[in-house]
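Each chain, written out:
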Amino acid sequence: MEPVQAPVNEAPNSAEVQERMPWQTWSEVPEEPVVGPWFLEVFAGTARLTMAVLANTVLRVLPPIDFSESEFVKQSFDVLHSPYVPKVLKWLASGWIMAIHFGTPCTTFSMARKWDGGPPPLRSIDHLYGLPGLAMRDAQKVHEGNAFLRLTATWIRACPSGTLWSLENPASSMLWQTTEAQGLVTDCGGVLHLFDAC
């Protein structure tokens, strides 16, 4: 007997993309939330997840958010300083965003940083928010990483009950040990899942 393979949906045509992803940037998104259901990807990188949702679900898709522009991220969005942050929070509070995913940067939280000649550690289990005595450049990296973590927790908590949310980081990331991440588990119904990304 031949193995059964799950069908793979074809990429949506241009008319369907226009219908389900009507805006390319957050400058185009209206101030007043529009009936969904919608999907939003934050810290999207190249927004592959957004494109997968567009191709394989019936959800409508909001412009993916990332600082770096790419093929699918048409407008740089600095989550710490963008004038569109209040608009995003308004959409989150509306309840029309059914699912939101955060690819929160793990760089400074990585356990792969060791005293081995490569990038040195910036945190430890005893100093989750930054090692004491860091050089100014490294301290700035840690400060930014902490700000991204707190923003992630704040945006998740801004979602109404019933919103599907996910936060991606390596299993060994020290992010999971922080008060913010632990609070998402205890207060917001978070459940830890381990996926093989290789």
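Further up the page is the structure itself.
**Student:** Can you tell me about the state of the cysteines, naming the residues and giving the values?
**Tutor:** With the rule as written, the count across this model stands at zero disulfides. Not part of a disulfide, Cys159 finds its nearest cysteine sulfur in Cys188, a span of 9.0 Å.

**Student:** Can you break down unusual backbone geometry residue by residue, with the values?
**Tutor:** Trans is the common state for peptide bonds, and a negative phi is the common state for residues other than glycine. At the junction of Gly36 and Pro37, the peptide bond is cis and its omega measures out at 10° in the coordinates. Here Pro37 is to be found in the loop between α1 (14-20) and β1 (38-42). Phi is positive for Phe43, close to 55°, though the residue is something other than glycine. Given the relative accessible area of 12%, Phe43 is considered buried. Phi angles above zero are rare outside glycine, and Ala47 is one such case at about 65°. Counting through the fold element by element, Ala47 comes out in the loop between β1 and α2 (48-56).

**Student:** An account of helix α3 (residues 85-94) is requested, with residue identities and associated values reported.
**Tutor:** Residue pairs three or four apart in sequence face the same way in an α-helix, which turns once every 3.6 residues. Residues of α3 that are buried: Val85, Lys87, Val88, Trp91 and Leu92. Seen along its axis, α3 keeps its buried residues to an arc of 160°; they face one direction. The elements touched by buried residues of α3 are β1, β3 (97-102) and α4 (136-158). One or two positions beyond α3, positive phi appears at Gly95, with a value near 85°.

**Student:** Break down the nonpolar core for me, citing the residues and quoting the values.
**Tutor:** Judged by nonpolar contacts, the single largest core of 33 residues is most densely connected at Trp26, Leu40, Val42, Leu62, Ile65, Val79 and Trp155. For this core, the elements supplying multiple residues, two or more each, are β1, α3, β3, α4 and α5 (179-187). With six residues, α4 is the single largest residue contributor to this core. Apart from residues no more than four positions distant in its own chain, Val42 is found in contact with Ile65, Val79, Ile100, His101, Phe102, Gly103 and Trp155.

**Student:** Account for the pairing of strand β4 (residues 164-167), with residues named and values stated.
**Tutor:** In this sheet, β4 lies alongside β3 in parallel orientation, the contact comprising four bridges. Looking at the pairing, Ile100 lines up with Trp165 of β4. The β-α-β motif built from β3, the intervening α4 and the parallel element β4 has right-handed crossover chirality.

**Student:** Outline the pattern of salt bridges, listing residues and values.
**Tutor:** A full pass over the atoms with the stated rule returns four salt bridges. Here Arg150 and Glu180 are joined by a salt bridge, their closest N and O atoms 3.5 Å apart. One end of the pair, Arg150, is in helix α4; the other, Glu180, is in helix α5, with 30 residues separating them in the sequence. Of the residues examined, Glu180 reaches a relative accessible area of 16% and is grouped as buried. Residue Asp187 is joined to Arg157 by a salt bridge in which the shortest nitrogen-to-oxygen separation is 3.0 Å. Placement of Asp187 in helix α5 and of Arg157 in helix α4 is noted, with a sequence separation of 30 residues between them.

Rules and cut-offs
- Residues numbered from 1 in each chain as written.
- Predicted model: local features only at pLDDT ≥ 70, side-chain atom pairs only at ≥ 80, totals over all residues.
- Heavy atoms only, no water.
- Disulfide = S-S within 2.5 Å.
- Helix = DSSP H or I, 4+ residues; strand = E, 2+ residues; numbered from the N terminus.
- Buried < 20%, exposed > 50% of the residue type's maximum accessible area, 1.4 Å probe, protein only.
- Arc of directions from axis to C-beta.
- Contact = heavy atoms within 4.5 Å.
- Core = buried A, V, L, I, M, F, W, Y, C linked by side-chain atoms within 4.5 Å.
- Pairing = 2+ DSSP bridges.
- Right-handed = clockwise from strand over helix to strand, strands pointing away.
- Salt bridge = Lys/Arg side-chain N within 4 Å of Asp/Glu carboxyl O.

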